[in-house]
Amino acid sequence: MVFFGIGALLVWKIFIQKSNRNAVDVISSEALFVFETNEPVLAWNQLVSQPFWQSVSAIPALENAEKNLLVLDSLAGKSGILQKNLKGNQLAVSLHPTGKEEFDFLYVLAYEDPESFSLLHDIEGKIKDSGTLTSRNYSGIEISELKINSNGITLTYAIIDNLLAVSFTSFLVEDAI
């Protein structure tokens, strides 16, 4: 009977119990660099206030990332929604090659509470008037794509357990799955 109890506990721990995943776990080994923080807004504000930011922000990949983050912030409503959703949650940002001399970022947000995907629902609600939302299945995970009509940018994202993987290059999200 003791062995049965231990066996049942092991089965529950290994196969049934869901645990929160680490944001870095889904990042491809082909990433050129990975930045991880639990205070993303503070880290971003400190980065852009550094003297060297003026010269490195002219690098096309960083320039695009800054522009895309502004788009994401405007979709979130610019009323602190983005900051509220990021604060205290692990964020991993990785830079990946996407073509010859082209690069893009994958953003992976690890929510402590996997039911807290309110940022996603807010953005989906706002895009209905200014873009289109499509979904597809990839390896059993739903991938959504928000195409913003005003600038032609497509935001691709997927929920993987407690993780939200987001990129402006769809195959980076697929690689995370």
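First things first, this report covers the structure right here in the doc. As the structure is a computational prediction, the values presented were derived from the model and not from experiment. (Residues numbered from 1 in each chain as written. Predicted model: local features only at pLDDT ≥ 70, side-chain atom pairs only at ≥ 80, totals over all residues. Heavy atoms only, no water.)

Section: a nonpolar patch on the surface
- A surface patch of nonpolar side chains, amounting to about 380 Å² of accessible area, comprises Leu 32, Phe 33, Phe 35 and Phe 103.
- Secondary-structure assignment places Leu 32 in the loop between helix H1 (2-16) and strand S1 (33-37). (Patch = residues over 30% accessible without salt bridge, like charges linked within 9 Å, V, L, I, M, F, W, Y side chains within 5 Å. Areas by Shrake-Rupley, 256 points an atom, 1.4 Å probe, with all protein chains shown as cover. Salt bridge = Lys/Arg side-chain N within 4 Å of Asp/Glu carboxyl O. Helix = DSSP H or I, 4+ residues; strand = E, 2+ residues; numbered from the N terminus.)

With respect to the pairing of strand S2 (residues 90-99)
- The buried count for S2 comes to seven of ten residues, which makes it a mostly enclosed element.
- One ladder, built from five bridges, connects S1 with S2; its direction is antiparallel. What sits directly across from Thr 37, in S2, is Leu 91.
- Between S2 and strand S3 (residues 102-110), which pair antiparallel in sequence order, lie two residues; one of them, Glu 101, sits at a positive phi of approximately 60 degrees. (Buried < 20%, exposed > 50% of the residue type's maximum accessible area, 1.4 Å probe, protein only. Pairing = 2+ DSSP bridges.)

Overview of the pairing of strand S5 (residues 141-148)
- Counting buried residues along S5, six of its eight residues qualify, which places the element largely inside the surrounding structure.
- Pairing analysis gives eight bridges linking strand S4 (residues 131-138) to S5, with the strands arranged antiparallel. Along S5, the bridge assignment pairs Gly 131 with Ile 148.
- Turn length for the S4-S5 hairpin, with the two strands adjacent in sequence and antiparallel, is two residues, and the turn residue Ser 139 shows positive phi of about 50 degrees.
- Of the strand pairs in this sheet, S5 and strand S6 (residues 154-160) are connected by five bridges, and their pairing is antiparallel. Residue Leu 146 lies in a different strand from S6, and its bridge partner there is Leu 155.

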